[in-house]
Amino acid sequence: MDISQENIKNILVGDCAQNSVFFQAVQEVISSIAPLLNSDKKYNMFSVLERLIVPDRVIKFKVSWLDDGNNIRVNTGYRVQFNNTLGPYKGGLRFHPSVNEGIFKFLGFEQIFKNSLTGLPIGGAKGGSDFDPKGKTDFEIMKFCSAFMRELHKYIGPRIDVPAGDIGVGAREIGYLFGEYKKITSSYDGVLTGKPHVFGGSLMRPEATGYGVVYFTQAMLELEKKEGLAGKICTVSGAGKVALHAIEKLLQVGAIPVTCSDSRGMIYDSRGVDLPLLKELKLQNGASLERYLEFHPDAKYTPVCDYSEGEHAVWGIQCYAAFPCATQNELSEADAQNLIANGCVSVSEGANMPSTPEAINAFLNHNVCFAPAKAANAGGVVVSEFEMSQNASMQRWHFEKIDTKLKIIMEQICKRVALTAKDYGVEGNYVDGANIAGFKRIADAMIAEGV
Ligand code: NDP
Ligand code: 2IT
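Okay, so let's go over this structure. (Residues numbered from 1 in each chain as written. Chains lettered and ligands numbered in written order. Predicted model: local features only at pLDDT ≥ 70, side-chain atom pairs only at ≥ 80, totals over all residues. Heavy atoms only, no water.)

Within the protein chain, the regular secondary structure consists of 17 helices and 13 strands. Computed over the C-alpha atoms, the radius of gyration of the protein chain is 21 Å, within 12% of the 22 Å expected from 2.2 N^0.38 for a compact globule of 451 residues. When its C-alpha atoms are laid out on the principal axes, the protein chain stretches across 60 × 55 × 45 Å. Considering only contacts in the protein chain between residues 6 or more positions apart, those separated by 24 or more positions represent 72%. (Helix = DSSP H or I, 4+ residues; strand = E, 2+ residues; numbered from the N terminus. Rg over C-alpha atoms; globule rule 2.2 N^0.38 Å. Contact = heavy atoms within 4.5 Å.)

Listed below in structure tokens is the structure:
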């Protein structure tokens, strides 16, 4: 590529091993936008890429809290405020023991492009903690959230940085975080999104990501002249907020979602999964998916220990459309080959970066319609922005209005991505289309804002 590639390499090499997922995300963008950088020299002249891959700031802090036995516990909190060129920093909080700075940098970097693609005035950020919500009492979750916000509140605000949920953080956690922010600041601000509806949360925020990924897939299949989802077998991984709401929308459009999974195993129910039961088991009780068999003995449960090496059992099931909705790098090249061999026509990423680079290449080389996360799962942050608008104007929108607006935006993102791919000579490649379209909007704004 260009001489600025050398600078980029140096910036990335300076970082440590835990940044591998961050490098993965950056490398994908760099290779997608090469034709744009080659054809329009202004981006190199203003060192846009070098500036874009370094977060504005990485905030790391101690969170001390008391468990129910009055033992002092210590966790680490993070907020990576990556880029606020297009609007206030915006992105979720993840509570999971596996997180580290590199994971938040990857998620924050992806969020800049996703938020850019929405066309809405929001920048990119991500944060969270290595706190493990599993096995904690409701009271412990509350105490942890209060302690986390006692530090985080210094760095956020409705026009500064507006966090939301992600893995391990839903309306309950956002409610506790909001309550603590209000106590500290005495300010009833829309400083978090995904709040419970009773005090300012938007209707449809819980459903938004899962519904959005299905809306995107419908639009993509139509553009690519493939059959729609009605009557088609679909496979979904994950059993959290995104996965279960993707399943809900798939059922509504007449598709047959036959799988879901969690960190312990997967369920395959060839007649279509029982969504009310899954919601009860996972969203309310955090139970093992194995308990599904107590109600549906004909279904099949496969524990993770029985998965083949390097493969995820969900992707071995024959399907028309696949929806990885759990976590990063959960779909390997071997999984991609299994899906392709079984005739899978489309793959839409509900999770952030669930497919490895090798898996993505396999999909693109075999003409599988592939919807990358930064485009396909933008529905969550879109409705988060709707929540910011509602809070700022002291309004409450009804469900149909939000659903209609969400669907329109997901279709617009899909069209923009497809058209951009065509314009740059890579028709049908939604990865390059999303990266180029997302980059262009931020890059032009960065140049207009000066160094
Ligand atoms: P939840 O915490 O609600 O659910 C996560 C699901 O993924 C659970 O079923 C969980 O299993 C499983 N999971 C998490 N980590 C792992 C792991 N390391 N290995 C295997 N399974 C795992 O999170 P969400 O549904 O909110 O988020 C899922 C994905 O979607 C993430 O990638 C997130 O970044 C992305 N996303 C979320 C948005 C949102 O609005 N919530 C918006 C856009 C993207 P278990 O219960 O056993 O832990
Ligand atoms: O990855 C994501 O887009 C989210 N976790 C949602 C971000 C948000 O601010 O709603």
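Before going further, it helps to examine the side chain of K232. Counting through the fold element by element, K232 comes out in the loop between α8 (205–223) and β6 (233–237). The class for K232 is buried, based on a relative accessible area of 17%. Looking at K232, its side chain comes within polar contact range of the side chain of E227, at 2.6 Å. With near-sequence residues (within four places) excluded, K232 lies in contact with E227, G254, A255, I256 and Y320. (Buried < 20%, exposed > 50% of the residue type's maximum accessible area, 1.4 Å probe, protein only. Polar contact = N/O pair within 3.5 Å; in protein donor to acceptor, adjacent residues only side chain to side chain.)

Once that is clear, we can look at the site of ligand 1. Neighbouring residues of ligand 1: 25 residues in total, closest K134, D166, T209, S263 and N352. Here an oxygen atom of ligand 1 sits 2.7 Å away from a polar atom, N or O, in the side chain of K134. Between ligand 1 and the protein, one listed contact pairs an oxygen atom with a side-chain N or O atom of S263 at 2.5 Å. The protein chains hide 83% of the 890 Å² of surface that ligand 1 would expose on its own. Taken together, the elements giving at least two residues each to the shell around ligand 1 come down to α8 and α9 (241–252). (Near = heavy atom within 4 Å. Areas by Shrake-Rupley, 256 points an atom, 1.4 Å probe, with all protein chains shown as cover.)

Of all residues adjacent to ligand 2, which total 14 residues, the nearest are K90, K114, K126, D166 and S384. Here an oxygen atom of ligand 2 and a side-chain polar atom of K126 are 2.9 Å apart. Between ligand 2 and the protein, one listed contact pairs an oxygen atom with a side-chain N or O atom of S384 at 2.5 Å. For the shell around ligand 2, the secondary-structure elements that each account for two or more residues are β3 (89–95), α5 (101–118) and α15 (379–392).

On to the nonpolar core, then. Counting 63 residues, the largest nonpolar core has F216, L229, F323, L406 and I413 as its most contacted members. Here this core gets 9 residues from one element, more than from any other, and that element is α8. Residue contacts for F323: discarding those within four places in its chain leaves V213, V214, T217, C234, T235, V236, S237, L250, W315 and S348. V29, I33, I53 and L86 belong to the second largest nonpolar core, which has 34 residues in total. (Core = buried A, V, L, I, M, F, W, Y, C linked by side-chain atoms within 4.5 Å.)

Now for the sheet that holds strand β9 (residues 265–268). Across the sheet, 3 strands lie side by side as β8-β9-β10; this open sheet has antiparallel pairing. Every other strand in the sheet has two partners, leaving β8 (259–261) and β10 (300–303) as the edge strands with one partner each. Between one strand and the next, the sheet's axes are offset by a mean angle of 15 degrees, whatever the strand orientation. (Pairing = 2+ DSSP bridges. Axes fitted to C-alpha atoms, helices over the stretch in contact; angles between N-to-C directions.)

Counting across every chain of the model gives 1 cavity of 30 Å³ or more. For the largest cavity, the calculated volume is near 40 Å³. Taken together, E28, E110, E349, M353, S355, I360, P372, A373 and K374 make up the lining of the largest cavity. Partitioned by chemical class, the residues of the lining of the largest cavity number 4 nonpolar, 1 polar and 4 charged. (1 Å grid on protein atoms, 1.4 Å probe; cavity = no way out; pocket = protein on both sides within 12 Å on 5 of 7 lines; lining within 4 Å. Points joined across faces, edges and corners; volume = space filled by probe spheres on them. Nonpolar A, V, L, I, M, F, W, Y, C, P; charged D, E, K, R; others polar.)

Read across the open sheet, the 5 strands follow the order β7-β6-β11-β12-β13; overall the sheet is parallel. Here the strands that pair on one side only, and so sit at the sheet edges, are β7 (256–257) and β13 (369–371). As paired elements, β6 and β7 share 2 bridges and run parallel to each other. Note on β7: the bridge partner recorded for C234 is P257. Of the strands in this sheet, β11 (321–324), β12 (346–348) and β13 are in contact with α8, which crosses β12 at around 150 degrees.

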